[in-house]
Amino acid sequence: MANLGLFSGTKSVNVRFRFPYYTQWGQSLVVSGSEPVLGAWNVKKGLLLSPVHEGDELLWCGTIAVPNGFESEYSYYVVDDNKNVLRSEVGNKRKLLLPQGIEDGILVELHDLWQTGADTLPFRSAFKDVIFCRSFTLNVERPLGVIENKLDNEDSIIVHFKICSPNIEEGTSIYVVGSSTKLGQWKIEGGLKLSYAGESIWHVDCVLPKAHFPIKYPRENAGNFSLETGPTRDLSLESSNAKPGYIVLSDGMVRETSWRGAGVAIPMFSVRSETDLGVGEFLDLKLLVDWAVQSGFHLVQLLPINDTSVHGMWWDSYPYSSLSVFALHPLYLRVQALSGNIPQDIKVEIEKAKEQLDGKDVDYEATLTTKLSIAKKVFAQEKELILNSSSFQEFFSENEDWLKPYAAFCFLRDFFETSDHSQWGCFSYYSKDKLEKLVAKESLHYDVICFHYYIQYHLHLQLSEAADYARKKGVILKGDLPIGVDRNSVDTWVYPNLFRMNTSTGAPPDYFDKNGQNWGFPTYNWEEMSKDNYAWWRGRLAQMAKYFTAYRIDHILGFFRIWELPEHAMTGLVGKFRPSIPLSQEELEREGIWDFDRLSQPYIQQQFLQDKFGVSWSFIASNFLNEYQKNRYEFKEDCNTEKKIASKLKSLSEKSLLENENKIRLDLFELLQNIVLIRDPEDPRKFYPRFNLEDTSSFEDLDEHSKNVLKRLYYDYYFHRQENLWRQNALKTLPVLLNSSDMLACGEDLGLIPSCVHPVMQELGLIGLRIQRMPSEPGLEFGIPSQYSYMTVCAPSCHDCSTLRAWWEEDEERRQRYFKTVVGLDLLPPSRCVPDVAHFIIKQHVDAPSMWGIFPLQDLLALKEKYTTRPATEETINDPTNPKHYWRYRVHVTLESLIEDKELITTIKDLVHGSGRSHPGGETESQVKLDSAVSTEKQPVANGKEKILLVSESHGAPKKDLLAVR
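Treat the numbers as computed from the prediction; the structure is a model and nothing was measured.

Looking only at helices and strands, the protein features 26 helices and 42 strands. Taken over the C-alpha trace, the protein has a radius of gyration of 32 Å; the compact-globule value for 966 residues is 30 Å, and the two agree within 12%. Principal-axis analysis of the C-alpha atoms gives the protein an extent of 100 × 80 × 75 Å. Burial analysis of the protein (966 residues in total) assigns 57% to the buried set. Sequence-distant contacts, at least 24 apart, represent 72% of the contacts inside the protein between residues at least 6 apart. Computing the positive centroid from 106 side-chain charges and the negative centroid from 132, the protein places the two 0 Å apart.

Pasting the structure below:
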């Protein structure tokens, strides 16, 4: 009991917390809340609970004395022995509201359950404002704190049942039923009907004897009853020694059939319509939403849409390298919608541009140049009208914190002809005083500044129109949150302290690239970001939430740890994780490892040079290397990094002294990477094992003792010692993102996945990603969609890999293994990804237990032969192995044509509806668990080849024919 004498002289009530939770050794539970008696949100001053065993259950209990009428918010925390928080609940704070008229000295016992991230999902805008959006209003029938019953004897208890049900249809009632006569003895008509209390909470109270009751919460609508799914709940009133007078039973969520939906994914630039100018535009999303609704999709997913205009050329087609994390890309502007009074000559120019830019792929430079040229002409005509309008003034006041620096940056970029702000003289360093002078109305270039305001204003209007349209149609618009920003961006100019500018972000070797990836973004200075509670991140998410109701967290692994490379690196192989616990020099010396220069410097012998460069080895050695011992070499000072090597090679190539520059560069890079340990540039006594160190000749030439020690330390570094550190790092940063908006968050968790990642994502309610060809389970070549967990998005492909058609056709042996392993047929599969193959694979995914099945538009087009005439390789969006890939894929059919193609729409709709997934405009069908087993039926031989029908056993009827050859 805590604070018993705090309210001497006033009426007080004892509140007892009773909380089931299984802790690990050294962990305890604390209740902290908004009032001083609960620590005023200081967890160290909160109420420490004590463990109590009741049967097989571990309960944590604690009591406080409070005055009558006491109210407080509160939450539960897992802490260590020093009351340091190890784990927090997710979601809204709980509310403690004592019943009105409660007797003095009575004991009120709170029965709570731990709130996980999954509990918050129905309150995310994707569901609350789109999927479960109600056209009716629920009126509060009885507010919390109002109790209808009174205690009639000492052996009875008033139980206040509380349950949350955010997804409810008009006219629905919720009941609590159980084995007690007062709970209807499992008959709904005899159960207790709950009243609505607001905020999706339903409640009722009744007087019950001290006994044990199993209960459930069924629902009724127009005489139709539906029971809760899952096992019965237990209400135990007989085990409490404290004899409470009131029990507030917070029973979490009403358990319903798991909601499942489907969606389509396509980059904004890839969309094609009859109206666009060479690229998809924000207003095209309205057509895409129409097609999605007809096809049964609840979601449209895009790639990042922020401005990437860093270089002024096609390199800027890379959508993950933001010039500004707040500004939208002018590429997606519909110039025809800028004004209702566009002069005839500009209209003619627009029509001409439509014809010229209507190519197979996006011409990034020509399209952006044309749009900005036309927009400047319209701006010159109506700038006074727009800039003085109340609508623009409202937009400006809401966004000026990022809009002014963005406009100033664009002006300086064009004036100095570079985005490298270190080349801007006195403007290299940002300050608010300099900014105000740059954007002042008196400046000669004020029209240029206002033009950037004007473009962003119209982009905002057009995307807002499309986003509102999607919401009204029941379609979630899902955005993409890039892991990095370009090092020459508005954000690094304005907030240089938030970035480690001498480093580069990437990914270690994985499925996408065996040599790792180097994205070129500076890594984040998380320590500095934490000082204002990650305000920059919170601002990003708040901005996204203006348009999107869901988002994908790009490379979510980066919030646990990031693969950090030196700024002078060009490849992604020789990096280290940040944060991570390095190998100390003392640790290595204890293991008998001492020659640190040998292990951390490139290991280059003359024989290596002769093997790699043949007769040219001496030329390479004389230009790039010094012989510091007999037959042992080191790189010269002017070429001891990858960027220096590339620069010197370019110089030699321009003098016609080299042939096959690319091969020589790669061979020299390989020599530079021939190390075992990476020395920390900030602390020379700390080291990191080089990724895949066993593949190096430097490692191969070591003695057996050193090899064994280094292998053990390698696996400890990459797979063991960091797990707790990475978990703690993610739990500092990811909750800030999740709490910055009410968007639904999905994490791209592909690649080298630490074991702490999936438990943290589950705890926070983050939805993972499953791609069948990249299974997260060890020992599998192909994922099994029927075994995916519910909290996932499943997809047959994504933008970072080949499409379903290209993947099927690019590797004959893999295709045969897939046919045998997944389809279950030891036959020769079709060499082409014919529509039947696409149908089979897509059906696997749409039938999966995953919350979402999201399908690239290219994979859906493979369902119809008509759309497979284009070479499959041309439909790939990105090649992760090429850092200068041109992102320019355009769908080869217009949205208008797809909307008219009722056959394809019917095929897709039948797949969605048949899977039991929810779809716009229809009732959510009950989820049927589908068996993934496949049976075969022989059919008459056609042209000497037996035809095989794939039959889904759960439906018992063949779907489409899939030709295979015996």
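For the rest of this paragraph, the subject is the environment of G191. Mapped onto the elements, G191 comes out in the loop between β11 (172-178) and β12 (192-193). Between the C-alpha atoms of G191 and G55, which are 136 residues apart in sequence, the distance is 29 Å. If we ignore the near neighbours within four places in the chain, the residues touching G191 are Y175, V176, V177, L183 and G184.

Across all of its chains, the model carries 64 aromatic pairs by this definition. Ring centres of F416 and W424 lie 6.2 Å apart, and the angle between their planes is 20°; on these two criteria the pair is classed as stacked. Using a relative accessible area of 29% as the deciding quantity, one classes F416 as partly exposed. Members of the aromatic cluster, joined through ring pairs, are W563, F577, Y688, F691, Y714, Y715, Y717, Y718, F719 and W726. Positioned above the aromatic ring of W41, the side-chain terminus of K93 is 4.8 Å from the ring centre. If you follow K648 out to its NZ or CZ, it ends over the ring of F624, 5.6 Å from the centre.

Glycine aside, a negative phi is what most residues show, and trans is what most peptide bonds show. Here the bond from R578 into P579 is cis, since omega is -5°, no more than 30 degrees from zero. Mapped onto the elements, P579 comes out in the loop between β29 (576-578) and β30 (583-584). A positive phi is found at W186, a non-glycine position, where the angle reads about 70°. Topologically, W186 is positioned in the loop between β11 and β12. Here N533, not a glycine, exhibits a phi torsion of approximately 55°, which is positive. Among the structural elements, N533 can be located in the loop between α9 (526-529) and α10 (535-544). With relative accessibility at 43%, the residue N533 sits in the partly exposed group.

Attention now goes to the environment of A466. Its location among the elements puts A466 in helix α7 (residues 446-472). Relative accessible area serves as the criterion here: at 1%, A466 is assigned to the buried category. Spatially, the C-alpha atom of A466 lies 9.2 Å from that of L477, the residues being 11 residues apart in sequence. Contact partners of A466, with chain neighbours within four places excluded, come to F282, L285 and K286.

On to the pairing of strand β19 (residues 246-253). With 6 of 8 residues buried, β19 lies mostly within the body of the structure. In the sheet, strand β9 (residues 107-111) pairs with β19 via 4 bridges, with the strands oriented parallel. Across the sheet, V108 pairs through a bridge with Y246, a residue of β19. Sheet analysis places strand β10 (residues 156-164) next to β19, joined by 6 bridges and oriented parallel. By the bridge assignment, V159 is partnered in β19 with I247.

Turning to the domain arrangement of the protein, a few remarks are in order. What the domain assignment lists for the protein is domain 1 (12-112), domain 2 (125-257), domain 3 (262-501), domain 4 (583-711) and domain 5 (768-889). A separation of 50 Å is found between the C-alpha centroids of domain 2 and domain 3.

What tends to happen in soluble globular proteins is that the nonpolar side chains get buried as a cluster. Counting 184 residues, the largest nonpolar core has W291, F297, W536, W537 and Y551 as the members making the most contacts within it. Those residues within four positions of W536 in sequence are excluded, and the remaining contacts are V325, F326, V485, D491, Y495, L498, F499, Y524 and M529. Residues Y76, L98, L110 and W114 belong to the second largest nonpolar core, which totals 31 residues.

A separate point is helix α15 (residues 642-654). Helix length check: α15, at 13 residues, gives a terminal C-alpha distance of 18 Å against a target of 18 Å (1.5 Å per residue), a fit within 8%. Restricting attention to buried positions, one finds in α15 the residues E642, I645, A646, K648, L649 and L652. Take α15 and look down its axis: the buried residues cluster within an arc of 170°, on one side only. Looking at the packing, one finds that the buried side of α15 touches α14 (617-624), β33 (632-635) and α16 (661-672). One or two steps after α15, the chain reaches S656, where phi turns positive at roughly 60°.

A few words on the sheet that holds β9. With respect to topology, 8 strands assemble into an open sheet ordered β4-β5-β1-β9-β19-β10-β14-β13, the strand pairing being mixed. Each edge of the open sheet carries a strand with a single partner, namely β4 (50-54) and β13 (195-198). Between one strand and the next, the sheet's axes are offset by a mean angle of 30°, whatever the strand orientation. Taken together, the 9 bridges between strand β1 (residues 12-20) and strand β5 (residues 57-67) define a ladder with antiparallel strand orientation. If you follow V15 over to β5, its bridge partner there is I64.

Attention shifts here to the side chain of R124. One can find R124 in the loop between β9 and α1 (125-131). Salt bridges are absent for the buried R124, whose nearest opposite-charge side chain, D742, sits at 6.3 Å. Other than its neighbours up to four places away in sequence, R124 contacts D129, L738, S741, D742, M743 and L744.

When charged atoms on two side chains of opposite charge get close, those side chains can pair. As enumerated under the stated definition, the model contains 60 salt bridges in all. Put simply, E109 and R16 hold a salt bridge, and the shortest N to O gap is 2.3 Å. Of this pair, E109 sits in strand β9 while R16 is found in strand β1, placing the two residues 93 residues apart along the sequence. Note on accessibility: E109 and R16 belong to one class, buried. Put simply, E564 and K576 hold a salt bridge, and the shortest N to O gap is 3.0 Å. Placement of the pair is E564 in strand β28 (residues 562-566) and K576 in strand β29, with a sequence separation of 12 residues.

Right, let's talk about the sheet that holds strand β25 (residues 517-518) for a bit. Ordered by their spatial adjacency, 4 strands build an open sheet running β25-β24-β28-β29, and the pairing between neighbours is antiparallel. For this open sheet the edge positions go to β25 and β29, each flanked by a neighbour on one side alone. Note that strand β24 (residues 503-507) and β28 share 4 bridges and pair antiparallel. Across the sheet, G506 pairs through a bridge with W563, a residue of β28.

Reading guide: rules and limits
Residues numbered from 1 in each chain as written. Predicted model: local features only at pLDDT ≥ 70, side-chain atom pairs only at ≥ 80, totals over all residues. Heavy atoms only, no water. Helix = DSSP H or I, 4+ residues; strand = E, 2+ residues; numbered from the N terminus. Rg over C-alpha atoms; globule rule 2.2 N^0.38 Å. Buried < 20%, exposed > 50% of the residue type's maximum accessible area, 1.4 Å probe, protein only. Contact = heavy atoms within 4.5 Å. Lys, Arg positive; Asp, Glu negative; His and termini not counted. Charge placed at Lys NZ, Arg CZ, Asp CG, Glu CD. Phe/Tyr/Trp six-rings, centres within 6.5 Å; stacked < 30°, edge-to-face > 60°. Lys NZ or Arg CZ within 6 Å of the ring centre and 35° of its normal. Pairing = 2+ DSSP bridges. Domains from an automatic or database assignment. Core = buried A, V, L, I, M, F, W, Y, C linked by side-chain atoms within 4.5 Å. Expected span 1.5 Å × (residues − 1). Arc of directions from axis to C-beta. Axes fitted to C-alpha atoms, helices over the stretch in contact; angles between N-to-C directions. Salt bridge = Lys/Arg side-chain N within 4 Å of Asp/Glu carboxyl O.

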